[in-house]
Amino acid sequence: MHMIINNSSMTPIYEQIMEQIKAAIVSGELAPGAVLPSVRALAKELKISALTAKKAYDNLEQEGFTVTVHGKGTYVAQTNREFIKEQHQKEVEQDMERAVSKGRRYGLKDEEIRSLFELIMEESLC
């Protein structure tokens, strides 16, 4: 799996790693049981601190995406597709909550926000 880290991004590096690994798991690029690079190997490959790589792996395990077997490595967990769908829905909900809050801060009425949402939905079908 090839990862790209954007050092100028406002998103922390460990979160960038997590998002790319999650995306690879959900897409099927990383199948259940697939072994991930060791913390040290990932850190060396991405030219980052081993602590940053470990934080990403620890968080992925906490969220149920990976399983670490001490002395053996980190593996893609036998994830439930419904669990993954739930995680994605939760992320979309958070993004939408932020967008609604921002619209309200800028003085938009709820109906204006709904209209913008519908417009975006229509445009995304093209």
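Anything mentioned here points back to the structure above.
All values derive from a computational prediction rather than experimental measurement.

1. Concerning helix H1 (residues 13-27)
An ideal rise of 1.5 Å per residue puts 21 Å on 15 residues; H1 measures up with 21 Å between its terminal C-alpha atoms. Buried residues of H1: Tyr 14, Gln 16, Ile 17, Met 18, Ile 21, Lys 22, Ala 24 and Ile 25, and no others. Positive backbone phi, approximately 95 degrees, marks Gly 28, located one or two places after H1.

2. Thoughts on a negative patch on the surface
Together, Glu 82, Glu 86, Glu 93 and Glu 97 make up a region of like negative charge exposed at the surface. One can find Glu 86 in helix H4 (residues 81-105). The exposure class assigned to Glu 86 is exposed, which follows from its relative accessible area of 52%.

3. Considering the pattern of salt bridges
Applying the stated criterion across every chain, the model contains seven salt bridges. Among the ionic pairs, Glu 19 bridges to Lys 22, the shortest N-O distance being 3.7 Å. Placement of both Glu 19 and Lys 22 in helix H1 is noted, with a separation of three residues, approximately one turn of the helix. For Glu 19, a relative accessible area of 37% translates into the label partly exposed.

Basis of the calculations
- Throughout, a residue's number is its position along its own chain's written sequence, starting from 1.
- Local features in this predicted model are restricted to residues whose pLDDT is 70 or higher, and side-chain atom pairs enter the listing and the counts only when it is 80 or higher, whereas totals over whole chains, interfaces and linings include all residues.
- As a convention, hydrogens and water are excluded, and side-chain values are obtained from all of the structure's heavy atoms.
- Numbered from the N terminus, helices here are DSSP runs of H or I no shorter than four residues, and strands are runs of E no shorter than two.
- Every helix has an expected span of 1.5 Å times one less than the residues it contains.
- Relative accessible area decides the class of each residue, using a 1.4 Å probe on protein chains only: under 20% of the type maximum gives buried, over 50% gives exposed, and in between gives partly exposed.
- The patch calculation keeps residues exceeding 30% relative accessible area without a salt bridge and links them within 9 Å when they carry like charges or within 5 Å when they are nonpolar (Val, Leu, Ile, Met, Phe, Trp, Tyr).
- Method for areas: the Shrake-Rupley scheme with a 1.4 Å probe, in which residue coverage is limited to the protein chains shown.
- Each salt bridge in this description consists of a side-chain nitrogen of Lys or Arg and a carboxyl oxygen of Asp or Glu lying within 4 Å of one another.
- Counting rule for charge: Lys and Arg are taken as positive, Asp and Glu as negative, and neither His nor the chain ends is counted.
- For this purpose, a charge sits on NZ of Lys, CZ of Arg, CG of Asp or CD of Glu.

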